[in-house]
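Below are the chains, spelled out letter by letter.
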Amino acid sequence: MAENDRAGAADEELARLADTTAAEVRAYLATVTEVATGRLDSTALSVLLLAVSQTLVTGARLGAVDDVVPARRFEPDAGPDPDVDPVRASLANVLEGLDDYADVVDPLTNAALVRGALSDDLTAVAADLEHGLRHHERGDLTEALWWWQFSYLSSWGPRAAAALRVLQSLLSHLRLDVDAETASDAEFDALHP
């Protein structure tokens, strides 16, 4: 009986993880879609920083648990892949002049520099997350968790981590890169209230 209790508790824990992940996925998708509308203007980078950070917390949770193994040896069809191209194009428009960046292929195995685009990263993450969400919405929680966990380690985790670094760097430059006179005046004001 104790073995059944442990198995039941583990199933409940995985169901809670699936539901929590689904809620975080919906929040990420809503945020990226909202930013893509262009209505957020000066808060867009901050909102994206928060959304990507929270999504990476969710991914870390998935990466920290034992591998989720679905009962089936094949992935059931989740339906057609979402069309993220309109969102990608809108994000590229919103992020014009800030979208492209340099990235490392793999910091452990291949330090070659490649071109990255924030709009590509944000929408690739969205597509991977939405794929798992469709499994979740059909009630296949184990398949959803497997997909989210697998794609976190293989795809959307690295893309989100790259996006996070770029967003943090953009905000740092926007807020800290000031001319010497402005910095001197602010320093003087801070020291002589």
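Reading the values: rules and limits
- Residues numbered from 1 in each chain as written.
- Predicted model: local features only at pLDDT ≥ 70, side-chain atom pairs only at ≥ 80, totals over all residues.
- Heavy atoms only, no water.
- Helix = DSSP H or I, 4+ residues; strand = E, 2+ residues; numbered from the N terminus.
- Buried < 20%, exposed > 50% of the residue type's maximum accessible area, 1.4 Å probe, protein only.
- Contact = heavy atoms within 4.5 Å.
- Areas by Shrake-Rupley, 256 points an atom, 1.4 Å probe, with all protein chains shown as cover.
- Pairing = 2+ DSSP bridges.
- Axes fitted to C-alpha atoms, helices over the stretch in contact; angles between N-to-C directions.
- Left-handed = near helix turned anticlockwise from the far one by under 90°.
- Nonpolar A, V, L, I, M, F, W, Y, C, P; charged D, E, K, R; others polar.
- Expected span 1.5 Å × (residues − 1).

Caption draft 1: Just the overall build of the chain, in detail. The helix and strand tally for the chain stands at six helices and two strands. What you see in the chain, going N to C, is helices and strands ordered as α-α-α-β-β-α-α-α. A total of 193 residues make up the chain; the buried ones form 34% of that total. Long-range contacts, defined here as pairs at least 24 residues apart, represent 74% of the contacts in the chain between residues at least 6 apart. When the accessible surface of the chain is split by element, carbon and sulfur atoms take 55% of a total near 11,500 Å².

Caption draft 2: The pairing of strand 2 (residues 110–117), seen in detail. As paired elements, strand 1 (residues 100–106) and strand 2 share six bridges and run antiparallel to each other. Its bridge partner being in strand 2, Tyr101 is matched across the sheet by Gly116. Between the antiparallel neighbours strand 1 and strand 2 lie three residues.

Caption draft 3: A look at the packing of helix 2 (residues 44–64) against helix 5 (residues 141–176). Close contact between helix 2 and helix 5 brings their axes to 8 Å; oriented N to C, the two are set at 150°. Crossing of helix 2 over helix 5 shows left-handed handedness. Among the residues making up the contact of helix 2 with helix 5, the classes are represented as 18 nonpolar, eight polar and one charged.

Caption draft 4: Layout of helix 4 (residues 118–137). Spanning 20 residues, helix 4 covers 28 Å between terminal C-alpha atoms, matching the ideal 28 Å at 1.5 Å per step. Extensive coverage of helix 4 is indicated by the burial of 17 of its 20 residues. In the stretch just after helix 4, Gly139 is the one whose phi turns positive, near 90°.

Caption draft 5: Layout of the environment of Ala60. Tracing the sequence through the fold places Ala60 in helix 2. Between the C-alpha atoms of Ala60 and Gln149, which are 89 residues apart in sequence, the distance is 9.1 Å.

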